[in-house]
Structures are given as structure tokens and as C-alpha cells.
Amino acid sequence: MPYLASEEGSLRALESLMTEFFHSCTTNDRKREIEELLNSFAGQPGSWRHCLYFLSNSRNEYVMMYSLTVFENLVNKMWVGVASGDKAELRSCLPKLLLSQHALLPFFIRNKLCKVIVDIGRQDWPMFYHDFFSNTLQLVQSPSLAPLGLVLLKMTSEELVCPREDLSVARKEELKKLLLDQIPTVLNLLTGILETVWDKHSVAVTTPPPSPTSREPGELLIRAHPNLTHPLSDSTPMVLEAESGALCLLALECLAHLFSWIPLSSSITPSLLASIFHFARFGCQQPLKTKPLPTSNGDSAPGSLPANGGGHGRTGQMVGHAERARLGVMAMNCINELMCKNCVPVDFEEFLLRMFQQTFYLLQRLTNTHSHSNTHTVKSRLQELDESYVEKFTDFLRLFVSVHLRRIESNAQFPLVEFLALLFKYTFNQPNHEGYLACLDIWSIFLDYLTTKIRSRLADSDSVINRYKDALVLLLREVLNRIQFRLNQSQLEELDDETLDDDQQTEWQRYLRQSLEVVARVMELLPSQTFSVLFPVLQEDLDIYLGLQQFIVRSGTSRRLNITAEADCRKLHCALRDLSSLLQAVGRLAEFFTGDVFSARFNDALAIVQRLVEVSCYGSQISLYDVEMAVPSVLKPDLIDVHAQSLAALQAYSHWLAQFCSEVQRQQDQTQFVDLIRSSMAATTPLINAKVPEKLLLSACHLLVSMATTVRPVFLVSLPAAQNIFNLITENHNHRLPQEAHVLVCRALSNMLLLPWPSLPEAEQQWQSRSANHTRLLSSLTQQYRLLPLASDLLPQPAGVCPGHARALPPLHPAARSLNQHFYSHGTPTSSLPSSDIIIFDHFDCSDVFSVSDVTDEMLSFFLTLFQALRVQMGVAFTEQIIQTFLSMFTREQLAVSILQEGSSGSKAVEKFLKILQVVVQEPGQTFKPLLPSILSLCLDQVYPIVAERSCPDVKAEMFELLFQILHQNWRFFFKSSVLSSVQRSGAEELMENQAQFITAMQAFGQSFLQPDIHIFKQNLSYLEVLNTKHKLYHRKLFRNTMLFHFINVLLQVLLHKSHDLLQDDITLALYNMAAVDFPAFYSSFLPEFLNGCQGLDPHQRTTLARNFTPERDLPSFSQGVYRIVNDLRFYRLCNGSLPAGTLKL
């Protein structure tokens, strides 16, 4: 009695503490006191006995959850140290408690208790807990306890197949094998449950025979395959009792998890598959008119079917539409788990065919319009279905097309064309935009498959195309219809066209892009048909746009668009939006007119380009963006967008124009080509004006850049339009363009003058006159900067002087890049390279670099561009002067101040300077080798000590990139001998210089692997791998003898601590490459030494770990060995930590 009294008292005290802990008035300090008290109680030996009493005698949910947490901690962390008698008592008591109390427990308490029992099974089954799994199977077979058995079965699958690190690899493998042996029995039981419920509740529904004149795809299937049963003639379950529904839901959840890991085999029987598809049909059902009875199961999770057995559901209560939909969703989950397996045994393909036929039936059911009422359209049917079910079904279709279509397409028993017809119906009746785009993805996958198949079977490509030709043309027409506002205005206006997503596109832009990708894929397969479908639709909207001129009314100096009626404005708005989309479609197809098909499709491409030039010229001539109109907030953006898209579409054909240019140079008559270029320039140049809307201005600038860079006709620079642009930039400084546009125009002019004309010999390139013009251009671009005072003459000035520096530099970037392209492609210097870089350096006040953000960014960005483009032409002396000036500027003190202020202008200046140094050290040859000692000193002696123990991710990333480039591009700065000679000497002394700097650099890399920054870790690991691949880093004597095992040790410790688990594969590959330098030494020397240094192991465990790491030399086996030793080492430490103090280990 005293014992019982003390237990009762402890229970009341615990209930009081738990209630106080969760009370809203309890302070945090008091909560901490209670938490410490509870943890202290849980840590006492034998505390589980008290918890068993608490669990059996309390209805307080907090107390029950606390008690189960004590059990869970005992089983998962201290089980090795629990006495065998206590283990046996727990294995007996907890299942009995579950059986006696499960109907009364809240579902989350019941599930937690199940989880503890399964955890014990994970530790002890079958050796010490031999009836664990058989008990579960007995529960599944018991009519009243089947739901409980299914909960245990699903948890067993989850916990035993994917256990955590509290098991050794050998035990994990044993558990999986034991479960696989039980799978046939388990699947038979689950099949029996589903079949029993189906047979009990299915109600035969009589369906009238199909009309003899009907041509529904399903009927075509029946005629072609009379042995198959039409789905609508099957017995269809219309009603289901709640208790049966809950049971089937649990069975399907079990199957879904089992299918996620078991291999495809004969255990998955046709009867099981048929049962799953029976329940998948629930998702296709319309909501019933009768309301389901209200639920009476208070223990169920909100919105879920009752999961507890034992009389909690009212007899005869029927599941509602939401519950039937959940059954359908879970059945589709099971099917999709099977579908995502790409490795299919040969004898399983017939089974897959049966699955696809069943799915064909479901697809018919979803798209059928002749069921209960002819008033239902396909779209309204899909709208009434559960959204999750439609998503799961779409996922299935994607898996079918992407993974299994190649297996099924040639099978005469599968009606693929009819399937595509149903998919078409399903796609274009989706109730929302997301569902429609998901279906478009499926069509894209199918079109990619078709394209690949045709390329691999060129001999019979026509027969393949002809099989699908009608379907593809129909798809093309419907996709084009879906992007047109005149046909779908209300739906398309719902799409957001303002908010940018992570890919920097709006919802409308994503919708349009995915649609145009389908159009492009069809174009690749059916070019002439696509052109003939698209061009008339484009022409219809073009006629409206080109006819707007007649509605422009002049009144003095102003112009007005005389379209005011609301219906006319709406019609014009839709036509303009559609024209913009179709122009983008035309631009997207440009790639299909170049290359080998240029001649064959020349006339079609010429017609397109001529039309685009005409539209662009028309827009530039009448300047519709400058016209007054009735609804300017709507129509003006539409008109600007059409004009901009016409220029962008024309730009897309620049590669076709370049090929046209090279073709006509071999002909006498170039009139057609010259007219196209002249007209294009006439359409472009009037828009290069500060008063033009920015969107239109930038489109014109990009087109100009493409003309100057890609097309490059000889006569371009002599056209009046080009001369006008040249004069605008060099003479008219009062009407500056916006900076982005100004930079683009400078780039175009610079490319026009510096890039060689294609297909012309050197003597005809006119370099002298072009060089003179380029000198004039650069002189103009640097004029504003040259007017600023020299840094040496600069007295203390207010900060307002600095913006002059920032504004003057951006136009010089494209000039420097163009010069680089000139030197790269032409190979000879030009007299147009001025001393502007020296001028800029003279005007550069180094004292501003850390304080004025915009000057810092622009100045260092310019020098970065300069070094990237012209470092060789600038010469060693001037380059060295710039570098030395910067090096003197970046003192240790200044670096510390700048780097520690992350995101500041000074920190950004350090990053930019490190990028400049990266460019310098990558230059081949000996040109800049004298600068290496100074650069290494800055890196290792000044920057690295500051960032070593701090975050500074941006500066640190650039510093390690610089270190890597120094090592990679200047290997002989450290190792004088070549790889070949070092191999030939076979271990002789390597000739090495600058050894101290090399060791410091390697130490810096090693130190970075001890830091938490995963991005730096990944970057530096890849750098070491590249150095090993290119220069045999790991094989070098210094690295091999003094560093190799240190790096291996660090990487293994990282795996043990799970700090960078996302990089497991990368780390394991690096470990393999390091160990491969000397496998015998790794296995015989390093591994025992590493294990001896590992704390928390006994000698026997160390021996076992070493023995289990088999001395294999191939990557897969080595990787498995690494996984095993890391997992088992964690497991042994966990076991040893759970043993009571003073335990004797044998």
C-alpha cells in the first residue's frame, strides 16, 4: 500500500506540475525550474516504472505525453544499458497497455505509444522480440483491431526501413532483409482488406450502351480491344461506411509507404493493383446531393477519417465527398510511387501495361461528359473534384510520359493516339492556370521524347511524324488560342503581370513562356504547319495595328487616337496584347530558320523579317506612344509593348540576318539585304532619344547592339542612321540618354568600329579610318572625366565632386570590352587605343575608395573591366603601377576596418580588388609573374588573418578564388618540375620554391573545412579537386607526407559531426581521391591511427570498425565503406554513452 500511495502522490504532483507548466500565467523562470525537475526525474534509474503507472492511471494528456517521451528516450538512447529483465517487462507491458487503452486514448497519444513499441521492435526483433511482427499482422487480421494494426504496420515500415543513426549498418541491412521477407504476406493482407470492403459496399450501376454513332476515345478502345471492360460498366462504389473508409485509408497509406522502398516484383499482384484503382475512382466522383451524417469521433484529427477502431463510428454512417476524395488521393499516391520507379524488370512490363490501361479508364472517367447529366462539361466536372486528386492525377500522367512512354508506345494493346486525345481533353479543361501549366509540361516532355526518337530513326521519321501530325497541329492551335486575350480575356486578366517571382518573371510571363516553348517544340517537328498556323493569326492582329493610323486626328501640334467607344477600346486592348504575345512567338521561332535549313526555309523567314521590319518602321514613324487616347493607362502600355516586342522579335532574327549577309556577299545583287538593314536602322535610330519611353528605348538599343555585333554588314557604319547615332553620342552632351541605354549605344558604336567585317580579307577592313573614328569616340566618352581636376591637384572638396567620377565611367566599360573583342578576333593592335586609362588613373583619388560607395563601385568596376579586356595591351609597367598603388592603399589596418563592416563600400572595394588580382594572376606567360610575391603577401599575410575566424563570406570567397587561381595558373611558381618529370624521377626529391607560402595556402584551405559556411566549404573542396586533377596535388611529396592524412582526418570528422551533410557525396569523392594516393598506407596506417584517436570507443569496437572497412579500391565500394564507418562509429558512441556508470564491457 505505501508503494501505491507514493505512486498516486507522484502522479498528482506530476499532473500539478504539468498543468502549471502550460498555464499562461507561469513565468519563464518557473518553467525552466519545472523543466529541470522533470529532466532530473526522467534521468533517474527506474523512472520508467513510475511512467508506466502514470500512463495507465492518468487521463491528463500532458502527463501521458511526458511519460511516453521518457520511454522514447529510454529506448532510443539508453536501451543498451537497460537490464534484460526490464526490457522483457517493457516488451510485455506496453503492447498490453496499447490493446487495453487504444480506443480511449487521443489519436496523437495512441500514435506515440505505437511509435515506442515499434522502436523497441527496431532494437530487439527478431532475436529478443520474436513476436513483434507476427503480433502486428494478427492485429491487421482482426476485424475490430485492424485500424490499430495498420497504424503499427505503417510505422514499422517507416522506422525499420529508414532508421536513424542509432543502428549499425549491419542491423539496418538485417532489418530491411527481414521486412522484405514479410512483404508477400503483408501485401496479401492489405489486398484482402481492400477487396473485402469493395465487395461489401460496391453497388452495381447500370449504364446504357454507347450510341452507335459515338466516336468517344473510350469507345474506340473497346472496339479495338473487346477483351477489356469499359469502366462505366463496372460496379461503381457510390457509398461507403465511415468505419470502412477509415480502414481503407490506413491500408492505402501503408501501401504508399511500402511502394516507396520495395522493388517491383510479383508480390504486387493484379488483384492488388485492381483494388487500388477501384479506390482511385473515388476521386473521380461528383459530390453526392445527400449530406453525410455528422461525425461523432472526437478523437479524429480535424478533417480526417476516424482512425480508431472499436465502435467510435456510428453504424451506417457514410463518408462524405471530402473523405471519398482523400481515398482517391491516397490511391493515386500508391500508383505514383510505383510509377516513379525507372528500373522495371522485363517480366514486369505486362504488369505496367495493365496499370496504364486502368489509368486510361480513369482518364476517360475524368473527361467523360455523358455520365449522369449532359449539362456537365469536362471543365465543370474537374472543378467539382478535389484539387489534390487532380494534382496527383497530373503527377501520374507526367510520370507515365517521362518514365514509361518508351516502354508502352510500341505495344499494340495500348491505344496511344486515343490516350493523347484524352490527355488533350484533360489539358484544355483544367480548372486553373497552375493545372494547365502542369499539363503543358507533360506535352513538352512528350514532344522532347518525339524529337529524340525521330533523330535516332531518321529512316522512318516521316511515318513517326505522320502518326502524330494531326494531334500536334491541334495542340498547336489550342495553345495559341489559350494565349489570346480576344478568346480568353477574363481568364488571362487574372494572371498577375506585375509581381516578379524568384526567376524574375511575372505570372503572365511564365504562362506565356511555357506556352511558347510548346509552340517551339511543335515547330521543330512540323515547321511548315506551324508557320501556316501562326502567320494568319499574327496577320489578323497586325492588320488592326497597322490600321490605327487612319484613326489619328491632328489638332494643332497634338495628335489624338479617335477610338473612344468602350467596346472598341476593349477590342483594341485585346488585339494589342495578342499581337505582343504573337510577336514573341515569332521571335522564339527564329532559331528554326538558321543553319542547315537556311536555304530550305529562306522564303518563310524572309517574309517574317520583312513583316517585322515593316511593323517596326510603322511604329517608329507614327509614334503611337506619343498620341493622346481615351484610356491611356491601358492602351498606351499596350502600344509601347507592341512596338518594343516588334523590335525584340527583329533582334531575334539577327543570326538569320548574319547568315543572309554572308550568303549575299557571294552574289551580285544585295538589294534585298541592304534594304532590310537600312529599314531596320531607320526604325531603330529615331527611338534612341531620352524622351522615348524606357522600355522602347532599351529595345531599340539592344537591336542596335545586335546589328553591330552579330550582323556586322560592311555598309552599316556609313548609313546616315548610324552616323546620326555617332553624332548624338560624340557631340550632343546636353541630352544624355539614361545610363543603361547610353552604355548599350556606346557598346554598339564601339563594336561597329572595332569588330572585323565577316568574310572580308584583312586588306579591305579599312582599319585606318575606323581607328580614327574610334579614337574620336573614346575622346568624347572620356571628355567629362578629363574635365575633372587631377587627384594630385584636388583640394579637400565636398562629397558632391565624387558623382562626377561615377557618371563618367560607365560608358567606358563597353569600349574596353569591344577593344578586347577586337584584339581577340583581329589579333593586331589599333592606334585607337588611347591613354584614357592613364588619364583615369591620374584623376583617381585613392583616399575616396573606402568612403564613397558609388565612386568605389564604378572606379573598381572600370578597372576590373580594363584588366579583363586590355591587361596585355596596357603593358607590364602601367599594370604594375596600378597594382602597386592599390596594394599600398590596402594596408592591414585599412583592410581590417573595411572587411569587418560587411556590405560597406570598403568591403566591396576589397572584393573588387581581389577580382582584379584574379584576372592578373590568370595571365599566361611570365608577364605579370613579378607581382606574385606581393599578391601572395596581401592574400596570406593581410587578408587571410582577418577573415580566418570570422564570417565575411563575400571577401572570403574572393580570397580563396584568388588563392586557387595563383596555385592553378602559376603551379611552377611553387613546383619547378613538370608532372612528367616528377613521375619519371619516381619519388626523387621534387624541386620546390616558395614552400612557406604553399604550406600557408594549404593551411588556409584546411582551416576553411572547420568553418560552418557550407558555400565556402563546397567551393574550396572543388578547388582542391581541380588542383589534384590538373597538377596531382595529392601526389606531391610535400602534401603527401605532411598534409594528406590531416585533410582526410578533417573531412571524416566533418562527416561524423553531420555539419555539412548536403555535401556528403562531394566529401566522399575527395576522400577517395586522397586515399587513392596510397591505399595500402590508408588502410594499414591512417585508419588504425584515426580510430585510436576517436574518443568514446573500446578496443573491440575499433577493431570491428577497421575490419568492416574492407580494403576495396573502387569508388562505390570505398564510398560504402566510408558510410559504414561513419554510421557505426556514431552508433557505438551512442551505445557507450547510454551505459550506466561502472558497466563492465566484454
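Residues numbered from 1 in each chain as written. Predicted model: local features only at pLDDT ≥ 70, side-chain atom pairs only at ≥ 80, totals over all residues. Heavy atoms only, no water.

An unreviewed UniProt entry annotates the protein as Exportin 6 originating from Cyprinus carpio carpio. Here is the UniProt Sequence similarities (unreviewed entry) comment for the protein, exactly as written: "Belongs to the exportin family." (UniProt positions renumbered as here; feature names shortened; annotations may be inferred.)

Notes on the overall build of the protein
Looking only at helices and strands, the protein features 50 helices and two strands. Across the 1146 residues in the protein, those meeting the buried criterion constitute 53%. Taking the contacts inside the protein whose residues are at least 6 apart along the sequence as the reference set, 76% of them involve residues at least 24 apart. (Helix = DSSP H or I, 4+ residues; strand = E, 2+ residues; numbered from the N terminus. Buried < 20%, exposed > 50% of the residue type's maximum accessible area, 1.4 Å probe, protein only. Contact = heavy atoms within 4.5 Å.)

Observations regarding the packing of aromatic side chains
Throughout the structure, instances matching the rule amount to 58 aromatic pairs. Measuring from ring centre to ring centre gives 5.4 Å for Tyr129 and Phe132, while their planes differ by 50°; the resulting arrangement is tilted. The pair Tyr129 / Phe132 is uniform in exposure class, with both members buried. One cation-aromatic arrangement involves Arg770 over Trp757; the distance from NZ or CZ to the ring centre is 4.1 Å. (Phe/Tyr/Trp six-rings, centres within 6.5 Å; stacked < 30°, edge-to-face > 60°. Lys NZ or Arg CZ within 6 Å of the ring centre and 35° of its normal.)

Concerning the packing of helix α37 (residues 876-889) against helix α39 (residues 905-921)
It is the contact of α37 with α39, at a shortest axis distance of 12 Å, that shows an interaxial angle of 145°. The two elements α37 and α39 cross, and the hand of that crossing is left-handed. Residues Ile883, Phe886 and Leu887 of α37 form the contact with α39, whose participating residues are Phe913, Ile916, Leu917 and Val920. Tallied by class, the residues present in the contact of α37 with α39 amount to seven nonpolar, no polar and no charged. (Axes fitted to C-alpha atoms, helices over the stretch in contact; angles between N-to-C directions. Left-handed = near helix turned anticlockwise from the far one by under 90°. Nonpolar A, V, L, I, M, F, W, Y, C, P; charged D, E, K, R; others polar.)

Let's talk about the side chain of Ser616
With respect to the helices and strands, the residue Ser616 is situated in helix α24 (residues 602-622). Apart from residues no more than four positions distant in its own chain, Ser616 is found in contact with His643, Ser646, Leu647, Leu650 and Ala683.

A few points about the pattern of salt bridges
Applying the stated criterion to the full structure yields 37 salt bridges. A salt bridge links Arg588 to Glu517; its shortest N-O distance comes to 2.8 Å. Residue Arg588 is located in helix α23 (residues 566-588), and its partner Glu517 is located in helix α21 (residues 507-525); the two are separated by 71 residues in the primary sequence. By sharing partners, the salt bridges in this structure join Glu72, Lys112, Lys115, Asp119, Arg122 and Glu159 into a single network. (Salt bridge = Lys/Arg side-chain N within 4 Å of Asp/Glu carboxyl O.)

A short note on the pairing of strand β1 (residues 552-555)
The sheet contact formed by β1 and strand β2 (residues 558-561) spans four bridges and is antiparallel. When the sheet's bridge partners are listed, Arg554 is paired in β2 with Arg559. What sits between β1 and β2 in their antiparallel hairpin is a turn of two residues, with Gly556 showing a positive phi close to 70°. (Pairing = 2+ DSSP bridges.)

Side note on the environment of Ser402
With respect to the secondary-structure elements, Ser402 resides in helix α16 (residues 387-408). Counting along the chain gives 46 residues from Ser402 to Asp448, while the straight-line C-alpha distance between them is 9.6 Å. Here Arg398 takes part through its backbone oxygen, which lies 2.7 Å from a polar atom of the side chain of Ser402. (Polar contact = N/O pair within 3.5 Å; in protein donor to acceptor, adjacent residues only side chain to side chain.)

What about the packing of α39 against helix α41 (residues 953-969)?
Two numbers describe how α39 lies on α41: the axes approach to 9 Å, and their chain directions differ by 10°. One way to sum up the angle between α39 and α41 is to call them roughly parallel. Considering the relative orientation of α39 and α41, their crossing is left-handed. Contacts between α39 and α41 pair Ser907, Val910, Glu911, Leu914, Lys915, Leu917, Gln918 and Val921 from the former with Asp954, Val955, Glu958, Met959, Glu961, Leu962, Gln965, Ile966 and Gln969 from the latter. Here the residues of the contact of α39 with α41 sort into eight nonpolar, four polar and five charged. (Parallel < 35°, antiparallel > 145°, perpendicular 65-115°, else oblique.)

A short note on helix α11 (residues 242-259)
With 18 residues, α11 ought to run about 26 Å at 1.5 Å a step, and its terminal C-alpha atoms sit 26 Å apart, in line with that. The element α11 is largely enclosed, with a buried count of 17 among its 18 residues. (Expected span 1.5 Å × (residues − 1).)

What to know about unusual backbone geometry
With an omega dihedral of 0°, the bond running from Trp125 to Pro126 counts as a cis peptide bond. In this structure, Pro126 sits in the loop between α6 (107-124) and α7 (132-141). Notably, Gln504 is not glycine yet its phi reads approximately 60°, a positive angle. In this fold, Gln504 is placed in the loop between α20 (485-492) and α21.

Let's talk about the confidence of the model for the protein
The predicted structure's coordinates, where accompanied by low pLDDT, should not be read in detail. Looking at the protein, the pLDDT average stands at 83 and 83% of residues meet or exceed 70. Mean pLDDT per element in the protein: helix α10 (residues 217-224) is the minimum at 38, and α7 is the maximum at 96. (pLDDT = per-residue confidence, 0-100.)

Considerations on the environment of Ile882
With respect to the element layout, Ile882 can be found in helix α37. By relative accessible area, which is 0% here, Ile882 ends up buried.

Remarks on α16
Helix geometry: α16 is bent most strongly at Ser402, by close to 50°. Where α16 begins, one side-chain oxygen reaches toward the backbone nitrogen of Ser388, 2.9 Å away; that side chain belongs to Asp386. (Bend = angle between axes of the 7 residues up to and from the residue.)

Focus: the nonpolar core
In this structure, Phe419, Phe446 and Trp656 are the most contacted members of the largest nonpolar core, which totals 260 residues. What Phe446 contacts, discounting residues up to four positions off in sequence, is Val401, Leu405, Leu420, Tyr468 and Leu472. Residues Met859, Phe878, Phe886 and Ala1001 belong to the second largest nonpolar core, which totals 108 residues. (Core = buried A, V, L, I, M, F, W, Y, C linked by side-chain atoms within 4.5 Å.)

A short note on the environment of Arg12
Residue placement: Arg12 occurs in helix α1 (residues 2-21). Residues Arg12 and Phe54 lie 42 residues apart in sequence; the distance between their C-alpha atoms is 9.4 Å.

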